Amino acid sequence: VFILILIVFIIAAVKLSAAMSQKAMIPIQRTFKHQQQFLADASHELRTPLSIMNTSLDVIELENAETITPYSKEVVSDMKEEIGRMSRMLRDLLMLARSDAGSVEFEMAAFDMVPKLRQWVLAFESVAQKKGIALRTMFPDALTVKGDSERLKQLVYILLDNAIKYTPEGGKVDVGLDPNPRQWRIIVRDSGIGIAETDQPRIFDRFYRVEKHRSREEGSAGLGLAIAKQIVVAHRGSVVLESAPGKGSTFSVEFPV
Ligand code: ADP
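Residues numbered from 1 in each chain as written. Predicted model: local features only at pLDDT ≥ 70, side-chain atom pairs only at ≥ 80, totals over all residues. Heavy atoms only, no water.

(A) Unusual backbone geometry, seen in detail. One non-glycine residue, Phe207, adopts positive backbone phi at about 65 degrees. Along the chain, Phe207 falls in the loop between strand 5 (183–190) and helix 6 (212–217). The class of Phe207 is partly exposed, set by a relative accessible area of 41%. (Helix = DSSP H or I, 4+ residues; strand = E, 2+ residues; numbered from the N terminus. Buried < 20%, exposed > 50% of the residue type's maximum accessible area, 1.4 Å probe, protein only.)

Set out below in structure tokens:
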């Protein structure tokens, strides 16, 4: 009888603790969801005053075009640059918060990747030229893929922007498209500063920058690759990074067919 009572007691205790942890999880999940929604709303709301400030600065510049001193002109221009930086950061935070909350809609459709990729790379031609960087491409004639072309464009822009940003003048950036029948790949290779092995797993974390001062000067917040990773995951893909300091970096993004 004693053993029977003990078994019943143990079963009841196990059931009770399971029920309690279930109950505890629901408010935690709810709080987490609230927090994600709060972050999404806050990022969205903060963008409006920033754009008003930007317009106000334009008005100040225009109204005082004749009398403004070179120093004040520089101050206004710095302010506009900072507003732009903050606005981009909020846009990225908003995207990450929405993605965490599962409210980013991915519109998957089949399309030919080659003309799109050509167009996306072309958008970086002038900035590469300004730095004397040779931007080369290696694409097949056509490659039909399934994905959200707007998001994939964002992913390619993040990788290309970084490749050019972290490659000194006179370097090389190559963009490739590998139509492997089992998994197709986008490859962005640069001859830039490279990334140390210890930093490699962390560069996809939010707000992680290898050289804080240097990349801040470049106007970056360390959110680009975090967004890139979300886009890749949503397409069930993966990123392979090969890099070494001073030897450049290669980001290969693989997608299942
Ligand atoms: P950021 O906006 O700072 O570029 P990312 O999330 O895109 O943020 O990148 C995180 C960090 O990874 C960068 O600050 C930089 O230190 C490093 N990084 C990213 N891409 C490259 C690259 N192609 N070459 C060297 N370092 C890179």
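(B) Here's a closer look at the packing of aromatic side chains. Inspection of every chain in the model, using the stated rule, returns three aromatic pairs. Each ring, one from Phe124 and one from Tyr157, has its centre 5.0 Å from the other, and the planes form 85 degrees; the classification is edge-to-face. Remark: Tyr157 occurs in helix 5 (residues 149–165) and Phe124 occurs in the loop between helix 3 (113–122) and helix 4 (125–130); sequence separation between them is 33 residues. For Phe124, a relative accessible area of 8% gives the class buried. (Phe/Tyr/Trp six-rings, centres within 6.5 Å; stacked < 30°, edge-to-face > 60°.)

(C) The arrangement of the site of the ligand in detail. Taken together, 21 residues sit near the ligand, with Asn162, Tyr166, Asp190, Ser220 and Leu225 positioned nearest. The contact in question runs from an oxygen atom of the ligand to an N or O atom on the side chain of Tyr166, over 3.0 Å. Interatomic distance of 3.3 Å between a backbone N/O atom of Gly222 and an oxygen atom of the ligand. When isolated, the ligand has an accessible area of 520 Å², and the protein chains bury 96% of it. If you map the ligand onto the pockets, it falls in the largest pocket. (Near = heavy atom within 4 Å. Polar contact = N/O pair within 3.5 Å; in protein donor to acceptor, adjacent residues only side chain to side chain. Areas by Shrake-Rupley, 256 points an atom, 1.4 Å probe, with all protein chains shown as cover. 1 Å grid on protein atoms, 1.4 Å probe; cavity = no way out; pocket = protein on both sides within 12 Å on 5 of 7 lines; lining within 4 Å. Sits in = over half its atoms within 2 Å of the grid points.)

(D) Fine view of the sheet that holds strand 5. Spatially, five strands are ordered 2-4-5-7-6 in an open sheet, and the strand pairing comes out mixed. The two strands at the open ends of the sheet, each matched to only one other strand, are strand 2 (134–138) and strand 6 (238–243). Neighbour-to-neighbour, the strand axes of this sheet turn through a mean angle of 10 degrees, independent of strand direction. Pairing geometry for strand 6 and strand 7 (residues 249–256), over six bridges, is antiparallel. Residue pairing in the sheet places Val239 in a bridge with Val253 of strand 7. Across the sheet, helix 3 lies against strand 2, strand 4 (172–178) and strand 5, angled at about 165 degrees from strand 4, the strand it touches most. (Pairing = 2+ DSSP bridges. Axes fitted to C-alpha atoms, helices over the stretch in contact; angles between N-to-C directions. Contact = heavy atoms within 4.5 Å.)

(E) Region of interest: the side chain of Asp190. In this fold, Asp190 is placed in strand 5. Arg189 is the oppositely charged side chain nearest to the buried, salt-bridge-free Asp190, at an N-O distance of 8.7 Å. A polar atom in the side chain of Asp190 sits 2.8 Å from the backbone nitrogen of Gly192. Not counting chain neighbours up to four residues away, the residues in contact with Asp190 comprise Ala163, Thr167, Lys172, Val173, Lys247, Gly248 and Ser249. (Lys, Arg positive; Asp, Glu negative; His and termini not counted. Salt bridge = Lys/Arg side-chain N within 4 Å of Asp/Glu carboxyl O.)

(F) Region of interest: the packing of helix 3 against helix 5. At a minimum axis distance of 10 Å, the contact between helix 3 and helix 5 shows a crossing angle of 45 degrees. Considering the angle they form, helix 3 stands oblique to helix 5. In this structure, helix 3 meets helix 5 at a crossing whose hand is right-handed. Contacts from Met113, Lys116, Leu117, Trp120 and Val121 in helix 3 reach Ser149, Leu152, Lys153, Val156, Tyr157 and Leu160 in helix 5. Across the contact of helix 3 with helix 5, the residue classes tally to eight nonpolar, one polar and two charged. (Parallel < 35°, antiparallel > 145°, perpendicular 65-115°, else oblique. Left-handed = near helix turned anticlockwise from the far one by under 90°. Nonpolar A, V, L, I, M, F, W, Y, C, P; charged D, E, K, R; others polar.)

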